[in-house]
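Remarks on the overall topology
Residues per chain are reported as follows:
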Amino acid sequence: MKAWSRWQDWVTLVAGLYAALSPIWTPSASGAGMSLIVLGVLIALTSLASLARPGLVATEWLNTLWGVLMFVAPWVMTYTQERGASWTSWIVGVVTVVLSLTAVPASRAAHRRVLPH
């Protein structure tokens, strides 16, 4: 697989950027804003790394972790009452987990092609 070509990583990059920028239009009074920014940036950076090095399998697993953390953040950081921030966390979390897990086989295949047998 060529660098910068896996669509799943492009979608998770956009999702991460959306989450990181969402406090601009999603008002929040609790830890929602910081959670969205930090986890969104982590998702975006990990997606960029995965796009640049498609055989780096660890980035897909890291994005899966960030997606799970994004999904549970409304309960852990107690901002479930803030509907916009909560739904952003839940949707971005699910999208990130699902797409990262679907990219793992392609990433493994790209990794195998890079390593000599």
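Above this text you will find the structure in question.
Residues numbered from 1 in each chain as written. Predicted model: local features only at pLDDT ≥ 70, side-chain atom pairs only at ≥ 80, totals over all residues. Heavy atoms only, no water.

1. As for the side chain of Ser-50
Which entries qualify depends on this criterion: Helix and strand definitions follow DSSP, with helices as H or I runs of at least four residues and strands as E runs of at least two, each counted in order from the N terminus. Each residue is assigned to one of three classes by its accessible area relative to the maximum for its type, calculated with a 1.4 Å probe on protein chains only: buried under 20%, partly exposed between the two thresholds, exposed over 50%. Two N or O atoms count as a polar contact when they lie within 3.5 Å, although within protein this holds only if one can serve as hydrogen donor and the other as acceptor, and sequence-adjacent residues are included solely when both atoms are side-chain atoms. Note on contacts: a residue pair is in contact if any heavy atoms of the two residues lie within 4.5 Å.
For Ser-50, the location among the structural elements is in helix α2 (residues 32–52). Judged by relative accessible area, which is 1%, Ser-50 ranks as buried. In terms of polar contacts, Ser-50 uses its side chain to reach the side chain of Asp-9, at 3.0 Å. Ignoring any residue separated from it by four or fewer positions in sequence, one finds Ser-50 in contact with Arg-6, Asp-9, Thr-59 and Glu-60.

2. Notes on the environment of Trp-4
With respect to the secondary-structure elements, Trp-4 resides in the segment before α1 (7–21). Residues Trp-4 and Leu-51 lie 47 residues apart in sequence; the distance between their C-alpha atoms is 4.6 Å. Once you skip the residues sitting within four places of it in the chain, Trp-4 turns out to touch Trp-10, Leu-48, Leu-51 and Ala-52.

3. Quick word on the nonpolar core
One recurring pattern in soluble globular proteins is that nonpolar side chains are buried together. As a reminder of what qualifies: Note on terminology: a nonpolar core comprises buried Ala, Val, Leu, Ile, Met, Phe, Trp, Tyr and Cys residues joined through side-chain atoms within 4.5 Å.
By size, the foremost hydrophobic cluster in this structure holds 12 residues: Ala-15, Ala-19, Ala-32, Leu-36, Leu-39, Ile-43, Trp-66, Met-70, Ala-73, Tyr-79, Ala-85 and Val-92. At the level of elements, α1, α2, α3 (57–76) and α4 (83–114) are the ones that each hand at least two residues to this core. It is α2 that contributes the most residues to this core, 4 residues altogether. Leave out the neighbours within four places in its chain, and Ala-15 touches Val-92, Val-95 and Thr-96.

4. Overview of the environment of Arg-6
Residue placement: Arg-6 occurs in the segment before α1. Relative accessible area serves as the criterion here: at 3%, Arg-6 is assigned to the buried category. As for Arg-6 and Leu-51, which are separated by 45 residues in sequence, their C-alpha atoms are 6.7 Å apart. Beyond its immediate sequence surroundings of up to four residues, Arg-6 is in contact with Met-1, Ser-50, Leu-51, Pro-54, Glu-60, Ala-103, Ala-106 and Ser-107.

Nothing here speaks to function; it is geometry throughout.
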